[in-house]
Each structure stands twice: as C-alpha cells, then as structure tokens.
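Spelled out, the chains give:
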Amino acid sequence: MPKNLVIVESPAKAKTIEKFLGTEYTVLSSFGHIRDLSEKGLGIDFEHNYEPQYTVSKDKVKLVGELKKAAKGAEMVWLASDEDREGEAISWHLSEVLELPKEKTKRIVFHEITKNAILHAIENPRDIDINLVDAQQARRVLDRIVGFELSPVLWRKIKPSLSAGRVQSVAVRLIVDREREIQKFTPEAAYRVSAIFLVPDKNNKIVELKAELHNRLKTKEEVLLFLEKCKTAQFSIENILTKPAKKSPAAPFTTSTLQQEAARKLGYSVSQTMRIAQGLYESGKITYMRTDSVNLSDLAIGTTKAEIISMAGEKYSKVRKYQTKSKGAQEAHEAIRPSYINEHKIEGSAQEKRLYELIWKRTIASQMADAELERTTATIDISTSDEKFIANGEVLTFDGFLKVYLESTDEENEQEDEGMLPPLKVNEVLNMKDITAQERFTQKPARYAEASLVRKLEELGIGRPSTYAPIISTVQNRGYVEKGDREGEIRPFNMLTLAKGVIKDEIKDETVNAEKSKLFPTDIGIVVTDFLFSFFPNIMDYNFTANVEIEFDEIAEGKTAWTKTIDAFYKDFHPTVEASKAKTDHKVGERVLGTDPKTGRPISVKIGRFGPVVQIGLAEDEEKPLFASLLKNQSMETITLEDALELFKLPRSLGEFEDKEMTVAIGRFGPYIKHNSKFISLPKTEDPMTVSAETAIQLIEKKREEDKNKMIKTFTEEPDLQILNGRFGPYIVYKKSNYKIPKKQDPAALTLEECIKLIEEEDKSEKPKKKRFTKK
C-alpha cells in the first residue's frame, strides 16, 4: 500500500493528478459529496443551534467503506477537492466521515491541474478552512429551511408537488417581471432618414456615400415636408472631423463571462458550457472554471507576453492587470485561462476544442495592445433645411488585440459596419441619388436567454459562480420556466423614397419579435411568483437575496458565525410562513374571465392538476364544473373570454375513417387525434381548432407505419414479451423492463427460449434488482 492517499471529487481529476505523482501516491475519487442533510424530516436540529443532521448517501456507503480502508493503510491523507466553498465542504465531510486524525491529514488546493501546481500544493499544504465550510453549511441549511417551509404552502395554496427555493424563486421573478414589461410595452414609431450621394473616389470612380439624418422624424407629415424641401436642395460638405480612437480588449474569462460568450459565439447552454469546462479543467487543460476573478498570476502574464511576442511581435504586447468588480470576488483566485498558454489547440471532442480555443483567444487578447482606429465624421448641409446629414467612416490603423479576438454583445444592432469614407472636401457639392425615410419602431425589452440571465444575476449580486448553472437548470426542471423559440410576426411599415424628383410612398412587411432559445415563464411559474411575492416579499426581494450572499461572504472570511446568520433569518421567516397558512384557504392564481353565454355560469382560468385550465362553473354548484386545458401558445394572463369559449368546442369530431369516428382534443400532454381507441399526438404545426380530416388520416396512417416498423417480433405464448426496434437499436421488452440484444444476434431470428435466457442473464448481472422473469 502506498504511503500517501490523495482524495479528489471526480475520477477524471484523479486520473490526471495520478500522472504527476510517483508510486508512493494513490489517488482515489469521492465522486462528489459523500453525505448531505438527512432526507428524514428537515435534517436540521433547531433545539441545538441549527445543527445539521448529515447522513451518508445510500449509494456512497460502499465507497465510504473503501475510502476508510485506504485511509487507514496510508501514512498521510491529502484532501485535494476543488478550492471553492463546496470543495472545502467536501474535504471537511471526508475528514469527518472517514475519521481522519488531524496529524495525518493535509488539505491541498490548486487553480490548475499541472505537474508544477500539484507539486507546489503538496509542498504548501494547509488545514481545512472551517470558515469556508461554514459558509457552505449556511447556504445549504438556509436553502433547506426555505424549501422545506415554503413548499407545503405552495402545495396547499396552488398545486401539489410544487417547490420553492431561495435563489431560484428570485430568478423566476426576473423572468416573470420581464414578461410583464413586454406585455405592457407599446412600440412608438419614428422615421429613420438616410441618403445616398454619388461622389468620386481617389481614382475618380463614382462610388456611393451613405449618410443619415442626425435625428429621426416623428410623423409622416414631417417626412413629406422634409422630402419636398429636398427636391430643390443643394447638398454640400459643411464640415469634416477626423480623430483617432482606440478599442481595448475584454478581461479574461470569469464563470459568468465564459457562460455568456460561449452562448453568443458557440450557442452553448450554461450547463453545457460548465460541463465542457469541467472536463477541460479535470484533464489539466484550463484553470479552475468556477471563479469570479479576472486576475491573472504573474507567471501567466509573463508566459502570455512571451507567446504574444513570439507570434505577433513586441508592438502587439501590453501587460494588463485587471481588477474584479463583482461583489464577493476573491482576488487570490485566477480568471479562467489555459494551463499552458503555448498550446494553441488541444486534443478532445469538437465541443472541447471550440471552448478551449475561445478561452485561449480571450486570454491572449487580454494581454495585447489596443486596436487603433481613425474615425471620420462628415456633416452634410441641406440648403433648403436646417436639418443635417451625417456620414461616418472608420478605418483600422493598427489591429492590436483584434488580430486574435473581439467580444460579442447581446444587443441587436441595426447599424451597418462603417467603412472608410471616400475623399471629401469642405464645401464640396454632392450629387444626391436618393433619400429614404423608413418607419422604425422602438424595441420591446429583450427576453432573457440563459447567459443574459446569468449576467443579470451577477449584476444584482445574486448567486455565485458555482450556483449560476444549477439555478438555470432548476427553474426549467421545475416547470416554472421554459426555454424555447417563437416564430416572428409580420408587421407592416411605411417607406418613403425620394429619387429623381419623385416621392414614392410604399407599405412593406417585415418579420419582427422572433425569439430563439429564450426563457419564458410558464403559467405555474407566474402564479407561484405572484403568490410568493404577496406573502413573502423578503424572500422575493432582489436586495435581500444579494445581502444574504454578502453575509455568506462574511462567514467565509470569519467575520460572522454562520448560526447567527441562520438564527436572524429564521426568527423573521418562520412566523411569516405560519401567518400565511392562516390568511386564506382558497387556491390562488385564479382569474375570472366572464360568464358563459349558454349557461350563465362563471368562467375562470386556474392551475389544475396537470397545468392551466379554463373552468365553467364552481366546485360547489349542483352541476359539475366543466374543464378545458389551455393550448400550448396560450397564457393564463392573456387568454380572453372568447379564447376560453373556443376551447370548449373540443373534443371536435372530424368525421369517420374506416367506419370509426375521429376526434381531436387536448389532453395532459397536449393536443391529440383519437381513432379506434388509439391516440396520435398532434404536431406543433397543427392547430386542434382547425386541423382537417385529411390531415388526421395522414397522421393516423403515419403512426401505423411507425408502429409497424417498431415491432420486430411477438410471441403468442408470452404476450408480455416483445422484440422492438428502438432509437438505439433492437431490444427486448418484458413487463415494462427493457433488455439488450447482443449485436452478433439477429433480433428477428430469436426464439422465445433465447429471449428468456437473455433476460435471466441480465437479471443475474443486476443483483440488487428483483428477478423479473418466472418460468412457467
């Protein structure tokens, strides 16, 4: 048995570290946390100063035994989990559960998994930082209290199985608030006026000079009056202003900025970015990926400078030291950067290569010289008007960091790239080709994408680098938020053009408000947000949530006892929960739409067992209420009485096919066609209100063909056993359990006896599972 045992939290990390250490070291993985708060009850002892009640996860019992055995046989145990608070907590839990003596336990941390970093960490061990552990305990305990106390209130007031979280609920509120801003938004129109002038270039060839009116005109009448003046106007250069300008590179990546830029440039989701980045870190290719620091070590700055000079020359290098602005940032940590800056590319998957290249370019660019530009502005006089046209040009005189990288933005920009202006002189008379006035509209607030939501959370001081991805995933998994696309809508706009003395007036169409991979609140998300905001305004307050993060930071710095923070919170929070239980017994989130013209009964929209529904009548009425599910594109907030009444036209008969009636209806999982006791899902492109009998027949026949192709073989003597064709190839189904078929065997040729043998063999290899096949 080697003298030294190193414990990390992931097998991939263990594999990389093992390469750098000699035969005297064994590296094992804890596979993340080995214990957590007990699932029995709250898992917190309120009688003993909020003492957490931890239990080892069932799936970790065997692993803990193996680690205990390895630790007993080692002379020294090195706890090498990640350097953040969660990593510190993992090390602490290991030391407690494995009962590691302090004299034979050392804690080591490193920003990157390289040989030098690992050896340096071993030469400079420390004790477990109990302040970091306490900060993590405080987060875990506080979040458990909030979830455990609020969730039952939601079950009673809104719908069973709902859950609430301290940070997640605030994130949903951001999305709900933005949705309401969009619903209230009224676009305002104005006319953007641009002109094209014909001028000679330096070779005396006629080229186009584009210019724009310095302000927008509010009404069509103003535009027509202006264009009439331009019919007889002389256009000339009034002034030319040329001045130098600079662009500076962005700072190296933090967790937040990496998530944002990977979304913009690579189209990765937040969780996808973190999964790929974790793989790059654990394989020793980049530094630690959960950080809010933009700081680079002196060594990294030095090696980056040498690399820039080697590939581009001295003039492209500029040493920069960035300061972190985010709350609670830890300057001792580094920004995300390549472990070896001289490695421009890496081996790995296509996704890993692309993300690594992004990190490498950003790091290199951050230490490069400014880009230098020359900006020229020409003011064009109109002899018949006080208005002015402005022509802008820009020329890059030194590319600097742009040689490598330019940061993207979320903002959609109508402006075209400005090129170099042709040679112009003051008082030069210009030949006007045409003037166009196009009606433009103010833009509604943009819905959040995953990355822009992360940026907003960071701005507000909500969450920390390690929590952004789980927040985004949790709100979607709980059904409070959906990520999706929305087709744009056609909007008409007015365009007026003056050319050759004639004004042309046209109405054109454009597609607007198309959405891609944006976050939309669901009806349940909106109802839960409104309820929590009404009864628990503190929990839903952005500043309160941010201040809790600051308190966690103070605990991590040893300035505050974690139990004191929990006590102050609980003594205010718990009475509020108790008071909310007594306030009302009726369900929340119900909206009355009006009266049913046929029966005179009230019509309302509410959250039902399987989602939002329209209800005709009341529960206490003698006649039972009628229910209809909302369509996918409908919302409880915006549905009208007319829309609601349309829903009760379902189920709708589509006629007969093969002497059996076809009907269309909406169920728990969306719209469907029913025929001969079979259910066929309606595609998203079809509307249940308008789908035709012909389309329904096509869908029925298509489903039959799919089912036919899916079925490979059945057995009359064993009807519960089938051989099917699945997404990943043929397989056996028996009593709702799936079994693999070896590649070398022909599924269609399998006998019943051979299938039974394959089932029994797979059952034997899965000892904990109950035997599923019984011979007759």
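Since this is a predicted model, take the numbers as computed values, not measurements.

A.B. asks: Can you tell me about unusual backbone geometry, naming the residues and giving the values?
C.D. replies: For Glu658, which is not a glycine, the phi torsion comes out positive at approximately 55°. Backbone geometry at Asp659 places phi at a positive 65°, although glycine is not the residue there. Mapped onto the elements of the fold, Asp659 is located in the loop between β23 (652-657) and β24 (660-667).

A.B. asks: Break down the sheet that holds strand β27 (residues 711-714) for me, citing the residues and quoting the values.
C.D. replies: Paired through backbone hydrogen bonds, the strands of a sheet run either parallel or antiparallel to each other. Reading across the sheet, the 4 strands line up as β27-β28-β29-β30 and stay open at both edges, with antiparallel pairing between neighbours. Looking at the sheet topology across the chains shown, the edges are occupied by β27 and β30 (737-740). Averaged over all adjacent pairs, the angle separating strand axes in this sheet is 30°, with direction ignored. Taken strand by strand, helix α19 (residues 693-710) contacts β27, β28 (721-726) and β29 (729-734), and its axis lies near 55° from that of β27.

A.B. asks: Mind laying out the pattern of salt bridges, listing which residues take part and the relevant values?
C.D. replies: A full pass over the atoms with the stated rule returns 46 salt bridges. With a closest N to O distance of 3.6 Å, Lys361 and Glu357 form a salt bridge. Separated by 4 residues within a single helix, Lys361 and Glu357 lie in helix α11 (residues 350-366), roughly one turn from each other. Residue classification places Glu357 among the partly exposed residues on the basis of a relative accessible area of 30%. With a shortest N-O distance of 3.7 Å, Asp621 and Arg601 are connected by a salt bridge. You can see Asp621 sitting in the loop between β21 (611-616) and β22 (626-629) and its partner Arg601 sitting in the loop between β19 (591-595) and β20 (602-608), a full 20 residues away along the chain.

A.B. asks: Which residues make up the nonpolar core, and what values do they have?
C.D. replies: Within the largest apolar cluster, 134 residues are counted, with the highest numbers of intra-cluster contacts made by Phe110, Leu355 and Ile673. The element that contributes the greatest number of residues to this core is helix α5 (residues 130-157), accounting for 10 residues. Apart from the residues lying within four places of it in its own chain, the contact partners of Leu355 are Leu258, Ala262, Leu266, Tyr268, Thr273, Ile276, Ala277 and Leu280. By size, the runner-up hydrophobic cluster in this structure holds 28 residues, among which are Phe197, Val199, Cys230 and Ile435.

A.B. asks: So, the side chain of Ser10: which residues are in play, and what are the values?
C.D. replies: Counting through the fold element by element, Ser10 comes out in the loop between β1 (4-8) and α1 (11-20). Only 3.1 Å separates the side chain of Ser10 from the backbone nitrogen of Lys13, close enough to count as a polar contact. Setting aside its immediate chain neighbours within four residues, Ser10 contacts Ser29 and Glu282.

A.B. asks: Can you explain the sheet that holds β21? Please cite residues and give values.
C.D. replies: An order of β19-β20-β21-β22 is seen for the 4 strands of this open sheet, with the pairing classed as antiparallel. Both edges of this open sheet fall to β19 and β22, since each of them pairs with a single strand only. Each strand of the sheet is rotated relative to its neighbour by a mean of 30°, with strand direction disregarded. Pairing of β20 with β21, which is carried by 6 bridges, proceeds in the antiparallel orientation. Bridging across to β21, Val605 finds its partner in Val614.

A.B. asks: How would you explain α5 if you had to name every residue and give the values?
C.D. replies: Taking 1.5 Å of rise per residue, the 28 residues of α5 would be expected to cover 40 Å, and the 40 Å separating its terminal C-alpha atoms lies within 8% of that figure. In this structure Asp129 caps α5, since a side-chain oxygen of it lies 3.0 Å from the backbone nitrogen of Asn131.

A.B. asks: How would you sum up the pairing of β27? Please name residues and give values.
C.D. replies: In terms of strand pairing, β27 meets β28 through 3 bridges, oriented antiparallel. Residue pairing across strands places Thr714 opposite Gln722, the latter belonging to β28. Here β27 folds back onto β28, and the loop between the two strands holds 6 residues.

A.B. asks: Can you tell me about the environment of Lys353, naming the residues and giving the values?
C.D. replies: Along the chain, the position of Lys353 falls in helix α11. C-alpha separation for the pair Lys353 and Leu280, spaced 73 residues apart in sequence, amounts to 9.4 Å. Look past the residues within four positions of Lys353 in its chain and what remains in contact with it is Ile346, Glu347 and Gly348.

A.B. asks: Now, about the pairing of strand β7 (residues 76-79): what can you tell me, with residues and values included?
C.D. replies: Judged by which residues are buried, β7 turns out to be covered on both faces: Met76 and Trp78 on one side and Val77 and Leu79 on the other are all buried. Between β7 and its parallel partner strand β8 (residues 105-107), the chain crosses via helix α3 (residues 85-97), and the hand of that crossover is right-handed.

What counts as what
- Residues numbered from 1 in each chain as written.
- Predicted model: local features only at pLDDT ≥ 70, side-chain atom pairs only at ≥ 80, totals over all residues.
- Heavy atoms only, no water.
- Helix = DSSP H or I, 4+ residues; strand = E, 2+ residues; numbered from the N terminus.
- Pairing = 2+ DSSP bridges.
- Axes fitted to C-alpha atoms, helices over the stretch in contact; angles between N-to-C directions.
- Contact = heavy atoms within 4.5 Å.
- Salt bridge = Lys/Arg side-chain N within 4 Å of Asp/Glu carboxyl O.
- Buried < 20%, exposed > 50% of the residue type's maximum accessible area, 1.4 Å probe, protein only.
- Core = buried A, V, L, I, M, F, W, Y, C linked by side-chain atoms within 4.5 Å.
- Polar contact = N/O pair within 3.5 Å; in protein donor to acceptor, adjacent residues only side chain to side chain.
- Expected span 1.5 Å × (residues − 1).
- Right-handed = clockwise from strand over helix to strand, strands pointing away.

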